[in-house]
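Residue-level listing of the chains:
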Amino acid sequence: MKFKPYLLALLPALVLLGSPAQAAKLKPQNLKQLISESESILSGQVQSVTDGISNQGVPYTEVTIKVNNAAKGQHEKNSIYTFRQFGLTKPRANANGTKLLAVSPEGFPRWNANETVIVFMHKAAKLTGLRTTAGMANGKFVVQGGKVSNEFNNFGVFNDIEFAQGLLSESENTMLKTTGAFSATDFMSLVGKAVSEQWISNGKMK
């Protein structure tokens, strides 16, 4: 496989990111940061996860999500949202007997077909079109049994955020005090209101 020059410049950073030490340093992102850094926020079911090598020579994982609801971005219910993030799903054997080890680095979210997710999607990179979730693994939440949590069991999601008095419902206030997984319905509702009512820009969420 041949990498373009600009990709060669990018790879050292990605390799560093792939080390366990670097992954452990992935900073928690709170909800305000996730919303601010997202181009799209949507919930849905992962339909397929495949990988490959792009025409630019970049290894990628391609994820397709059937949209159920969108809090940010123009995504209709039951529409298909497809994106590619850097790296393969697993090492790939080459015809010459060698292995291509360019899997998605540690810190990137992992994807599984049929899982239900809420994702905060960063905008695509200009050169490659690749994208992943805002805050990397912080920005992918898996829904199970009506509860939602990210790879870090929601650690730090509501840290250092202030909401205007009277803004949240009783159940939303309870969610802010919850450790671990919390209600997917309350979480998506809060995110939807925060975006549509512009809580961040008008200072109601700071």
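Here, the structure is the one placed above.
The rules behind these values
Residues numbered from 1 in each chain as written. Predicted model: local features only at pLDDT ≥ 70, side-chain atom pairs only at ≥ 80, totals over all residues. Heavy atoms only, no water. Pairing = 2+ DSSP bridges. Helix = DSSP H or I, 4+ residues; strand = E, 2+ residues; numbered from the N terminus. Buried < 20%, exposed > 50% of the residue type's maximum accessible area, 1.4 Å probe, protein only. Contact = heavy atoms within 4.5 Å. Axes fitted to C-alpha atoms, helices over the stretch in contact; angles between N-to-C directions. Polar contact = N/O pair within 3.5 Å; in protein donor to acceptor, adjacent residues only side chain to side chain. Salt bridge = Lys/Arg side-chain N within 4 Å of Asp/Glu carboxyl O.

Engineer: Whenever I open this one, the pairing of strand β7 (residues 140-144) confuses me. Can you help?
Structural biologist: Where strand β6 (residues 116-121) meets β7, four bridges bridge the pair, whose relative direction is antiparallel. Within the sheet, the bridge partner assigned to T116 lies in β7 and is V143. Pairing of β7 with strand β8 (residues 147-150) involves four bridges; the strand directions are antiparallel. Directly across from V143, in β8, lies its bridge partner V148. Linking two consecutive strands that pair antiparallel, namely β7 and β8, is a turn of two residues; a positive phi of about 60° is found at G145 within it.

Engineer: Looking at this structure, I do not really get unusual backbone geometry. What am I missing?
Structural biologist: Most peptide bonds take the trans form, and the phi angle of most residues other than glycine is negative. Despite not being glycine, M136 shows a phi value in the positive range, around 55°. On the secondary structure map, M136 appears in the loop between β6 and β7. Note on M136: relative accessible area 16%, which makes it buried. Of note in this structure, D160 is not a glycine but carries a positive phi near 60°. When you line up the elements, D160 lands in the loop between β8 and α4 (170-176). Taking relative accessible area as the criterion, D160 reaches 74% and is therefore assigned exposed.

Engineer: How should the sheet that holds β8 be read in this particular structure?
Structural biologist: Two strands in a sheet stick together by hydrogen bonds in their backbones, pointing the same way (parallel) or opposite ways (antiparallel). What the seven strands build is an open sheet, ordered β3-β2-β1-β6-β7-β8-β9; its pairing is antiparallel. Every interior strand has two partners, whereas the edge strands, β3 (80-86) and β9 (182-183), have only one. The sheet strands contacting helix α5 (residues 184-196) are β1 (40-53), β2 (59-72), β6, β7, β8 and β9, and the helix crosses β2 at an angle near 80°.

Engineer: Quick question: what am I supposed to make of the pairing of β8 here?
Structural biologist: Side chains on a regular strand alternate between the two faces of the sheet. On β8, burial follows the alternation: V148 and N150 on one face are buried, whereas K147 and S149 on the facing-out side are not. Relative to β9, β8 runs antiparallel, the two sharing two bridges. For K147, the partnering residue across the bridge sits in β9 and is S183.

Engineer: Is there a simple way to think about the side chain of N154 in this case?
Structural biologist: For N154, the position within the fold is in the loop between β8 and α4. Of the polar contacts made by the side chain of N154, one reaches the backbone oxygen of G180; its length is 2.9 Å. Those residues in contact with N154, other than ones at most four positions away along the chain, are F141, V148, S149, G180, A181 and F182.

Engineer: Would you take a moment to explain the side chain of T133 for this structure?
Structural biologist: Its location among the elements puts T133 in the loop between β6 and β7. In this structure T133 comes out as buried when scored by relative accessible area, which is 2%. Only 2.4 Å separates the side chain of T133 from the backbone oxygen of M136, close enough to count as a polar contact. When residues no more than four places from it in sequence are discounted, the contact partners of T133 are P109, W111, V119, F120, M121, H122, G139 and K140.

Engineer: So what exactly am I meant to see when it comes to the pattern of salt bridges here?
Structural biologist: Two side chains of opposite charge can pair, provided their charged atoms sit close to one another. According to the stated counting rule, one finds five salt bridges in the structure shown. A salt bridge links E39 to R131, with the nearest nitrogen and oxygen atoms 2.9 Å apart. Highlighted residues: E39 in the loop between α3 (31-36) and β1 and R131 in the loop between β6 and β7, separated in sequence by 92 residues. Among the salt bridges present, the one from E115 reaches K140, with a minimum N-O distance of 2.7 Å. Taken together, the residues E115 in the loop between β5 (99-100) and β6 and K140 in strand β7 connect sequence positions 25 residues apart.

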